[in-house]
Amino acid sequence: MKLHSAKRPYRQRGITFFGLIILVLFIVAAFAIGSQSVPIFLEYVAAKKAIEKAKNETTVKAVRDAFDRAAAIDDINAIKGSDLEVTKVDDKVQVSFKYSREVHLTGPAYLVYRFEATTREK
């Protein structure tokens, strides 16, 4: 009859308390940054759609007015029609923009997003 087996004792598996604390902090930080970043990206997508619609106009003023109308509807606050760069390439209107947005993290730390878009021919 054997009293003791020669097998190695099993190690416990799982996450430690400190590991759990670090994981929770990481999830909270990701949620906080994500909840501020998602509206910024949605505004960028709306601005790209607005310049695609505005490129069908013939004059610079008409392009900027069309963008301002779309911006009022889609709640685009980062740029205005006057911020657009409107050029002609091969007798077609090309509209582009550049802008940046900041997300305050903590203290002096900021997360900066730089956006740039140009209309393309299809």
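Please refer to the structure higher up on the page.
A short tour of the structure in this document, coming up.

Thresholds applied
- Residues numbered from 1 in each chain as written.
- Predicted model: local features only at pLDDT ≥ 70, side-chain atom pairs only at ≥ 80, totals over all residues.
- Heavy atoms only, no water.
- Helix = DSSP H or I, 4+ residues; strand = E, 2+ residues; numbered from the N terminus.
- Rg over C-alpha atoms; globule rule 2.2 N^0.38 Å.
- Contact = heavy atoms within 4.5 Å.
- Areas by Shrake-Rupley, 256 points an atom, 1.4 Å probe, with all protein chains shown as cover.
- Lys, Arg positive; Asp, Glu negative; His and termini not counted.
- Charge placed at Lys NZ, Arg CZ, Asp CG, Glu CD.
- Pairing = 2+ DSSP bridges.
- Axes fitted to C-alpha atoms, helices over the stretch in contact; angles between N-to-C directions.
- Salt bridge = Lys/Arg side-chain N within 4 Å of Asp/Glu carboxyl O.
- Expected span 1.5 Å × (residues − 1).
- Buried < 20%, exposed > 50% of the residue type's maximum accessible area, 1.4 Å probe, protein only.
- Arc of directions from axis to C-beta.
- Core = buried A, V, L, I, M, F, W, Y, C linked by side-chain atoms within 4.5 Å.

Looking only at helices and strands, the protein chain has 2 helices and 3 strands in total. Going residue by residue from the N terminus, the α and β elements of the protein chain occur as α-α-β-β-β. Its C-alpha atoms give the protein chain a radius of gyration of 26 Å, more than 25% over the compact-globule value 14 Å for 122 residues. With respect to the three principal axes, the spread of C-alpha positions in the protein chain is 95 × 35 × 25 Å. A sequence separation of at least 24 residues applies to 46% of the contacts in the protein chain between residues at least 6 apart. Entry remark: accessible area of the protein chain is about 10000 Å², with carbon and sulfur atoms responsible for 58%. Looking at charge distribution, the protein chain has the averaged site of its 20 positive side-chain charges lying 17 Å from that of its 14 negative ones.

In this section: the sheet that holds strand S1 (residues 85-89). What the 3 strands build is an open sheet, ordered S1-S2-S3; its pairing is antiparallel. Edge strands, defined here as strands with exactly one partner in the open sheet, are S1 and strand S3 (109-118). Strand after strand, the sheet turns through a mean of 20° between neighbouring axes, direction not considered. Bridging between S1 and strand S2 (residues 92-106) involves 5 bridges; their strand directions are antiparallel. Paired with Val89 across the bridge in S2 is Lys92.

Summed over all chains, the structure comprises 3 salt bridges. Salt-bridge contacts for Glu43 lead to Arg101; the nearest nitrogen and oxygen are separated by 2.3 Å. Taken together, the positions of Glu43 in helix H1 (residues 17-54) and Arg101 in strand S2 put the pair 58 residues apart, joining distant regions of the chain. A salt bridge links Asp65 to Lys61; the shortest N-O distance between them is 3.2 Å. You can see Asp65 and its partner Lys61 sitting in helix H2 (residues 60-74), 4 residues apart, about one turn around the helix.

Side chains of residues three or four places apart in an α-helix project in the same direction, reflecting 3.6 residues per turn. The end-to-end C-alpha separation of H2 is 21 Å, in line with the 21 Å expected for 15 residues at 1.5 Å each. Along H2, the residues that are buried comprise Val63, Ala66, Phe67, Ala70 and Ala71. The buried side chains of H2 occupy one side of the element, clustering within an arc of 140° when seen end-on. Across H2 from its buried face, at more than 90 degrees, point the exposed residues Lys61, Arg69 and Ala72. For H2, the secondary structure elements touched by its buried residues are H1, S1 and S2. One or two steps after H2, the chain reaches Asp75, where phi turns positive at roughly 60°.

Here is a general trend for soluble globular proteins: nonpolar side chains tend to be buried in one another's company. If you look at the biggest cluster of nonpolar residues, it comprises 24 residues, and the most contacted ones within it are Ile51, Phe67, Ile76, Ile79, Leu84 and Phe97. Contributions of two or more residues to this core are made by H1, H2, S2 and S3. Among the elements that line this core, the one with the most residues is H1, at 7 residues.

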